[in-house]
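Descriptive analysis of the structure
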Amino acid sequence: MGTDLNAPLGQNRKARSPKSQESALSFGRVLLGAGIAVLIGVSAWTVLRPTGLIEPKPEAVAADAAQPAEKRGADAAGGQLTKPRTSGSLSGAQVEETLTDDGSIVTTFSPKQRDGDGPAFIEAGRTKGQDARMAAFPNDALLEETPEGRLPIIGPDGLRPMDQYARPWSGARGIRVALVVGGLGLSQTGTQNALRQLPPEITMAFAASGNSLQRWMQEARRKGHEIVLQVPFEPFDYPDNNPGPHTLRVGLDAKKNLSELRSSLARTTNYTGIMNFLGGRFLSDADALEPVMRDIGRRGLLFLDDGTSAQSLTGTLAETIGVPHGFADMVVDTELDRTAILKKLDELERIARRNGSAIGVASAFDESVEAISAWADEAGARGIEFVGVSALVKDPQQQQR
């Protein structure tokens, strides 16, 4: 029998039994319930999933472990801070220098991928001092990798370490004093005492032969101190008076002395320059001193002479080569007595009032630290501005402007 095309649609279907209809409805309910359960589960997992509990892939763990400690997060034992990211004037550029056959250097700039996620501190346009949030960390653009370790260099945009790590000051035409306390890093208790008592305006000099220098440097920088590095030089009575490992000596050739210098420079970072530790004989020998001063200047560092050797040629050579340099006007703790040190500090103030500025040096003895801390408070009330030593050195670059 054919189908009646004019009949209602429902009349052409075979009638279903009540049992088959009930089975179909039950199956539909099951499918609907399962779909709803899946949707709820996926949504809840997406919202509530604890990402910290997801186990990282082995290769990701290895890559993180290979990162320097200053780029990883806080250590569970407590204490390594994560380095904030910065955006310098050339942070997005790859800089390549090519030496041509005629001796000239061709510099090529090309874009590069900036590593890391999230925001970066923008440092463009600032040439003096360092953001307080970054003071404990080195500027990677001012470091080069060498066999001796990471050494300071002038950045591709001309920024010098002595500018980057300088302590900012007012720039006013007042009476200025720079006090440099040296020998830090040699004694743990002495270093802790100096960091605890000395005001942030005091420059700290860390001995290259000291211990835990990077740790002490970070603490000093976080507290606002400018720092310099004390490098050992040969005294007249060497080896009876031995300044320590990596001493630069007159009897060594220039290549060996530069290697010893760089071994000292690699001990820490974030310093504006170097200061001699002893060195009467070496600093009075022009042939030995010249290549060392050239290397210091090429790296954008200052040289501070502690003024203990009347025969020192550092000023003459620095002027000739164009190295930022300064001389201490006085060692204030030649006698380890509080009253004697305070008298020396008063004399330093008279020099500063006569000349407009003065540089004093001392060692981190308890008597010296206590006297300097007390005197600095009183002198500040008399209108003395304490500045980092980089503010008082002769800087050929500034004189040319």
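Numbering of residues begins from 1 in every chain and follows the order in which that chain's sequence is written. In keeping with the model being predicted, local features are shown solely for residues with a pLDDT of at least 70 and side-chain atom pairs are shown and tallied solely at 80 or more, while totals for entire chains, interfaces and linings include all residues. By convention in this description, side-chain values take in all heavy atoms of the structure and omit both hydrogens and water.

**As for the side chain of asparagine 270**
How we decide: The helix and strand labels rest on DSSP assignments: H or I over at least four residues marks a helix, E over at least two residues marks a strand, and numbering proceeds from the N terminus. Under this definition, polar contacts are N or O atom pairs within 3.5 Å; protein pairs additionally need one hydrogen-donor-capable and one acceptor-capable atom, and for neighbouring residues in sequence, both atoms have to be side-chain atoms. Every residue pair with non-hydrogen atoms within 4.5 Å of one another is taken to be in contact.
Here asparagine 270 is to be found in the loop between helix H7 (254-265) and strand S10 (273-278). In terms of polar contacts, asparagine 270 uses its side chain to reach the backbone carbonyl oxygen of phenylalanine 137, at 3.0 Å. At a separation of 2.9 Å, a polar atom in the side chain of asparagine 270 contacts the side chain of threonine 269. The residues touching asparagine 270, leaving out its near neighbours within four places in the chain, are Gln130, Ala135, Ala136, Phe137, Pro138, Tyr165, Met217, Arg221 and Ile227.

**A short note on the pattern of salt bridges**
Test applied: Between Lys or Arg on one side and Asp or Glu on the other, a salt bridge is scored when a side-chain nitrogen of the former is within 4 Å of a carboxyl oxygen of the latter.
Under the criterion given, the structure shown has 15 salt bridges. For the salt bridge of aspartate 295 with arginine 298, the shortest nitrogen-to-oxygen distance reads 3.2 Å. Within this pair, aspartate 295 and its partner arginine 298 are both found in helix H9 (residues 286-298), separated by three residues, close to a single helical turn. Among the ionic pairs, glutamate 370 bridges to arginine 338, the shortest N-O distance being 2.6 Å.

**Overview of helix H11 (residues 338-355)**
Basically, it comes down to this: One less than the residue count of a helix, multiplied by 1.5 Å, gives the span that helix is expected to have. Burial classes follow relative accessibility: with a 1.4 Å probe on protein chains only, a residue under 20% of its type's maximum area counts as buried, one over 50% as exposed, and anything between as partly exposed.
Helix length check: H11 (18 residues) gives 26 Å between terminal C-alpha atoms against 26 Å at 1.5 Å per residue, within 8%. Burial in H11 covers these residues: Ala340, Ile341, Leu342, Leu345, Leu348, Glu349, Ile351 and Ala352. If you follow the buried residues of H11, they end up packed against strand S7 (175-184), strand S13 (330-331), strand S14 (357-363), helix H12 (366-381) and strand S15 (384-386). Sitting at the amino-terminal end of H11 is aspartate 337, which places a side-chain oxygen 3.2 Å from the backbone nitrogen of threonine 339. Backbone geometry just after H11 places glycine 356 at a positive phi near 95°.

By themselves, these observations are geometric and do not establish any function.
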